[in-house]
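This is what each chain is made of:
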Amino acid sequence: MSYKVFSYDITEYKEFENTLNTLSKKGLNPIEMGYVSSFEKNDKHYFYTVDVLKEEKNTPKKLIRNHLITLYDRCDYRYVGSYRNMIFFRSESKRKRPKGREQILQSYLDNLYVNKFILAFLLFGVAIYSFSYSIMQQDVRHLLTDGEILFQCLIPLLCTGFAFLNVGAAFRSIQYKAKKEITKTPMKWIGYALLVMTSFSLVLGIVLDIVERGTKPLDDSILTMEKIGYKSGAAGQYSYSKSILVHAKSYTDINEDDQLLFHVVYEVKDHAQEYFDKFKVDYIDGNSKEIEKNVYIYQIETKNDSMIALVDHKIIEVTSTFDLLENGNYQKIIKFFRE
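Residues numbered from 1 in each chain as written. Predicted model: local features only at pLDDT ≥ 70, side-chain atom pairs only at ≥ 80, totals over all residues. Heavy atoms only, no water.

1. Digging into the overall build of the protein chain
- Along the backbone of the protein chain there are 8 helices and 14 strands.
- The C-alpha radius of gyration of the protein chain comes to 31 Å, more than 25% above the 20 Å expected for a compact globule of 339 residues.
- Taken along its principal axes, the extent of the C-alpha atoms in the protein chain is 95 × 40 × 35 Å.
- Relative to its full complement of 339 residues, the protein chain shows a buried share of 45%.
- Looking at the protein chain alone, contacts between residues at least 24 apart form 60% of all its contacts between residues at least 6 apart.
- If you sum the accessible surface of the protein chain, you get close to 18900 Å²; carbon and sulfur atoms cover 56% of it.
- Taken as two groups, the 45 positive and 43 negative side-chain charges of the protein chain have centres that lie 15 Å from each other. (Helix = DSSP H or I, 4+ residues; strand = E, 2+ residues; numbered from the N terminus. Rg over C-alpha atoms; globule rule 2.2 N^0.38 Å. Buried < 20%, exposed > 50% of the residue type's maximum accessible area, 1.4 Å probe, protein only. Contact = heavy atoms within 4.5 Å. Areas by Shrake-Rupley, 256 points an atom, 1.4 Å probe, with all protein chains shown as cover. Lys, Arg positive; Asp, Glu negative; His and termini not counted. Charge placed at Lys NZ, Arg CZ, Asp CG, Glu CD.)

What follows is the structure, encoded as structure tokens:
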């Protein structure tokens, strides 16, 4: 048994038939049709034909398929399989399709371009919207690894790939309608190239998202409660992540008195102010107050227990169990990250 992957759609049914007939001459005949089709090697030679498995309103697809199987069986064709909107038959000699099926197939192909162009337009729209949304948001919390950055490209790539496939099918449909010879266009292969890029980006993104995160022992770059005048807990490890745009570190310090200090630092290589302006939108409300430029204090559990700030090229997010406006706490934090 062997397996083959086919990329044909219904607008390429003639090429599909020729491929199956050529394989049959070599003794390879399908036993199951699908995106991955299985073949067996034997000494039989069949003639294959492809028809459209057209969906009809209020009629189950299974009934339509069974009707076509019966129709072709009367013309000495045997059912091979079906997938997508195609159904496959074979006979031991070259025969015509059942009466009326050639006209139904041609009519379907002649009018297919309208739906294909509409679908392609919608897919291009989704791709553009998704890409624009990712660019406009640019939230540092979603740029922590190169994997996360790649993930934001998946929907635009996927939709654009399928859009090109539909445009290619639409052009072939127009050629059928114009009774012209079907010519090959690069649309289909551009589409498949984009789908391959999507798959590769997904795998690469997962790998990068794993390898670009980790933990390290505490060092002098990490803020602890001891550095602002409180007792620290036992030394642990901090979490980190890195991408071409952002390097991030986070640490939670809890002492024996159950005092807590949690912080995240996003080191942004360029356009730190722009990233901070987008970042602070989620934090600025009626409970927040700007203490000084690019420094905001707000409340999560207790009074003035949290802050966000932009210090040089670092976006800082801090949450604690004590008042950051007392004892010069927030100033000590700002000073620590300026040094």
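2. Comments concerning the pattern of salt bridges
- Taken as a whole and judged by the stated rule, the model has 13 salt bridges.
- Taken together, the shared-partner salt bridges connect Asp9, Glu12, Arg172 and Lys188 into one network. (Salt bridge = Lys/Arg side-chain N within 4 Å of Asp/Glu carboxyl O.)

3. So, the nonpolar core
- Membership of the largest hydrophobic core comes to 23 residues, with the highest contact counts inside it found for Phe6, Ile10, Phe16, Leu20, Met33 and Phe88.
- If you list the elements that add at least two residues to this core, you get α1 (13-25), β4 (47-52), β5 (78-83), β6 (86-91) and α3 (101-110).
- Tallying contributions element by element places α1 first for this core, with 4 residues.
- Aside from chain neighbours lying at most four places away, what touches Phe88 is Phe16, Leu20, Met33, Thr49, Val50, Arg78, Tyr79, Val80, Gly81, Ser82 and Tyr83.
- By size, the runner-up hydrophobic cluster in this structure holds 20 residues, among which are Leu261, Ile297, Ile316 and Ile334. (Core = buried A, V, L, I, M, F, W, Y, C linked by side-chain atoms within 4.5 Å.)

4. Some details on the packing of helix α4 (residues 112-137) against helix α5 (residues 146-177)
- Contact geometry of α4 with α5 gives a least axis separation of 8 Å together with a crossing angle of 160°. Here α4 lies roughly antiparallel to α5, going by the angle between them. Considering the relative orientation of α4 and α5, their crossing is left-handed.
- Among the residues forming the contact of α4 with α5, the class breakdown is 21 nonpolar, 6 polar and 2 charged. (Axes fitted to C-alpha atoms, helices over the stretch in contact; angles between N-to-C directions. Parallel < 35°, antiparallel > 145°, perpendicular 65-115°, else oblique. Left-handed = near helix turned anticlockwise from the far one by under 90°. Nonpolar A, V, L, I, M, F, W, Y, C, P; charged D, E, K, R; others polar.)

5. Thoughts on the sheet that holds strand β12 (residues 295-298)
- Judged by pairing direction, the sheet is antiparallel, and its 8 strands sit side by side in the order β7-β8-β9-β10-β14-β13-β12-β11 without closing on themselves. Edge positions in the open sheet fall to β7 (213-217) and β11 (289-292), since each of these has one partner strand only. Strand-to-strand, the axes of this sheet are offset by a mean angle of 20°, without reference to chain direction.
- Here strand β10 (residues 260-268) runs beside strand β14 (residues 314-320); their pairing, made up of 7 bridges, is antiparallel. Within β14, the residue paired with His263 across the bridge is Val318.
- Docked against the sheet, helix α7 (residues 272-279) engages β10, β12, β13 (306-311) and β14, running at close to 160° with respect to β13. (Pairing = 2+ DSSP bridges.)

6. Description of the pairing of strand β9 (residues 246-254)
- As defined by bridge partners, strand β8 (residues 237-242) adjoins β9 across 4 bridges and the pair is classed as antiparallel. By the bridge assignment for β9, Ser239 is matched with Ser250.
- Where β8 folds back onto β9 in an antiparallel hairpin, the turn is made up of 3 residues.
- Summarising the sheet, β9 and β10 pair through 9 bridges and their orientation is antiparallel. Considered in β10, the bridge of Asp253 is made with Leu261.
- Where β9 folds back onto β10 in an antiparallel hairpin, the turn is made up of 5 residues, including Asp258, whose phi is positive at roughly 65°.

7. Things to note about the sheet that holds strand β2 (residues 28-32)
- The antiparallel open sheet is built from 3 strands, whose spatial order is β1-β3-β2. Edge positions in the sheet fall to β1 (2-5) and β2, since each of these pairs with one other strand and no more. Between one strand and the next, the sheet's axes are offset by a mean angle of 45°, whatever the strand orientation.
- Here α1 sits on the sheet in contact with β1, β2 and β3 (36-41), set at roughly 115° to β2.

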